[in-house]
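Structural overview for review
Single-letter residue listing:
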Amino acid sequence: MKTIIEPFRIKSVEPLRMTTRDEREAKLREAGFNLFHLHSDDVLIDLLTDSGTGAMSSEQWAGIMRGDESYAGSPSYYHFRDRMREITGFEGILPTHQGRASERILFELIGGAGKVVPNNAHFDTTRANVEHSGARAIDLMIAEAKDPRNRHPFKGNMDVGALEALIEEVGADRIPAVMCTVTNNSGGGQPVSLANLRAIRAVCDRHGLQFFLDACRFAENAWFVKQREPGQGDRSVRAIVRDMFDLADGATISAKKDGIVNIGGVLLLRDADLLHRASDVLILTEGYVTYGGLAGRDLEAMAQGFEEVLHEDYLEYRIRSVQYLGDRLLAAGVPILEPPGGHAIYLDAKAFCPHIPVDEFPGQALAVALYRHAGIRSCEIGSVMFGGAGHDSPPMELVRLAIPRRVYTQSHIDYVIEAITEVHHGATGLRGFRIVEAPQVLRHFTARFAEL
Ligand code: F0G
C-alpha cells in the first residue's frame, strides 16, 4: 500500500521555539506543574488539544476576507446556514462562539434541579454545564470501553441496556434529553456506530424522549462508520453524516474541531418552540441570531471548514496519521488506549506508571514528564479532570495527545514517538503529585500542584 500523504502543501509557516531542559524545569515550577499555565511559545509540540488549533486552508482565509460584518442579515450568515442545512438536514441553525456556549444555552432551557442527563460520556464542559444547571450528568459507556486493551470497533457506543435501566430507575419525566458524543472524547476519541445511534433513538421514541448529539467530531465518526460498520463501506461520508443527524432532535457542536476553525460553534434544533427560546437566550448572551457571538468572517471560515472536513482524502489522511502515532507507540511497548482514536492517542497512565497510585495522579505525572523531557504538551484526562469532591474517580487515567488538524508533519510525530519511548524507559523514576490549590469547577484548568 502507498504512503498516505498530507493532501495539501504548505503556504505559510510558523517557527517553533526550542527550549533547554533547565528552562522547561523553571517554566514547570512557575506554572505550578499545570500545563494550562504554560506560555505556548515555551512549548515545542503542542498536543494539548485539537480544538481551535487547526490550520485553515487558503479558501478559509479567502472567506475571512469575504466576511460581511453587518450586524443583522449578513450574507456570511446565510452562507453558513445554508451549508449547515445541506450537511445536517436541520432547519434550525444557531451560530455560537464555541461548543460550550451551545451547551450553556441548551441546558439553561432543558436542564435544572432534579433532572438527569445520560450520555455515552460527557466531556468536561458538557458535564459542567449540565451540573451548573442543577441536573445530574450520567455516563453510560459500554463495558468494553473501560478496558484500555479491548479493541471493540465502536468503543464509543452507549450501553443501551443501561440507558433503559436508568429511565426505569429515575423516570422518563426527569430526563430532558439523552445525549451521545461523537466521537467519544473522554473515552478515547472512539466512534459510535450508526446501529448504536439507531438503538438509542428507538429507546428515546419508546419513552418520548429527545435525543441530542454532541457532534464536535461528527466527520471523524462518520469515517470510522464507513471503515468499520458492516454495509457502510460503499457509502459516502456525507450520506453517513446525514444519517447520524437525521436520528437526532438537536446537536451541540464546537466548530473548533471538525469545523477546522479557530473559534466557532453551532446549536442545531428541530423543535420550533425550543428554537424560539434558544434564539432569545442567544440574543441575550451571545449576540443576534445571524452572528451569535462571532464575526461575519468567522461564519465564512466555518462554512468552508465544515465542507473541507467531509473530503474523504482529508479524512483518510487525518485518521491514518493519528493511527500511525498509536501503532508506533504500541510497537515500542508503550501502553495506549486501544484502538487508536480519531483525533488523539491516549496514553494509559495507570499502565505507564503502575507505581503511582490514582490519588497521586499518574496522568499528571506523565504529562509533566513529557514536557520536561521533550517540550511536548499533552492533557491529563483522568482524576485531575474528572475527580474531586462529589465525583467518583473515572474508570481510566489517561494522557491525551490530541493532534491539531493539518498542523504537524510526520517528522514532528516521529519526534513525539521517540520522546515518549524514552520517557517510558525511565518511567519508574516518575513521581506523583498532590493538588495544592484548586477551584470548585473544572479544576484541571487552573489547579496548582506539588511534586511528591
Ligand atoms: N464537547 C466535546 C466532546 C468536546 O471535546 C468539547 C471541547 C466541547 C464539547 C466544548 O467545546 O471547547 O468549543 O467550548 N473539547 C476541547 C478538547 C476543549 O480539548 O477536547 P468548546
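Details of the structure are given in the entry above.
Here goes a summary of the coordinates provided. The structure displayed is predicted, hence computed values, not measured ones.

Cut-offs applied
- Residues numbered from 1 in each chain as written.
- Predicted model: local features only at pLDDT ≥ 70, side-chain atom pairs only at ≥ 80, totals over all residues.
- Heavy atoms only, no water.
- Buried < 20%, exposed > 50% of the residue type's maximum accessible area, 1.4 Å probe, protein only.
- Helix = DSSP H or I, 4+ residues; strand = E, 2+ residues; numbered from the N terminus.
- Pairing = 2+ DSSP bridges.
- Phe/Tyr/Trp six-rings, centres within 6.5 Å; stacked < 30°, edge-to-face > 60°.
- Near = heavy atom within 4 Å.
- Polar contact = N/O pair within 3.5 Å; in protein donor to acceptor, adjacent residues only side chain to side chain.
- Areas by Shrake-Rupley, 256 points an atom, 1.4 Å probe, with all protein chains shown as cover.

Next up on the list: the pairing of strand S2 (residues 92–96). In terms of burial, S2 is largely enclosed, as five of its five residues are buried. Alternating positions in S2 separate into two faces, Gly92, Leu94 and Thr96 on one and Ile93 and Pro95 on the other, with burial throughout. Across five bridges, S2 lies against strand S8 (residues 265–269) in antiparallel orientation. Considered in S8, the bridge of proline 95 is made with valine 266.

What follows covers the packing of aromatic side chains. What characterises a pair of aromatic rings is the spacing of the ring centres plus the angle enclosed by the ring planes. Within this structure, the stated rule accounts for 12 aromatic pairs. Centroid distance phenylalanine 218 to phenylalanine 306: 5.9 Å. Interplanar angle 35 degrees. Geometry classified as tilted. Taken together, the residues phenylalanine 218 in helix H8 (residues 218–228) and phenylalanine 306 in helix H11 (residues 296–308) connect sequence positions 88 residues apart. In terms of burial, phenylalanine 218 and phenylalanine 306 fall into one category: buried. Members of the aromatic cluster, each reached through a chain of ring pairs, are Phe33, Phe361, Phe433 and Phe449.

This brings us to the site of the ligand. Taken together, 18 residues lie near the ligand, and Arg100, Asp214, Ser254, Lys257 and Arg400 sit nearest. At 2.7 Å, a side-chain N or O of aspartate 214 approaches a nitrogen atom of the ligand. A distance of 2.7 Å separates an oxygen atom of the ligand from a polar side-chain atom of serine 254. Protein contacts shield 94% of the accessible area of the ligand, which totals 470 Å² for the unbound molecule. Within the residue set of the shell around the ligand, elements represented by two or more residues are helix H4 (99–110) and helix H5 (124–132).

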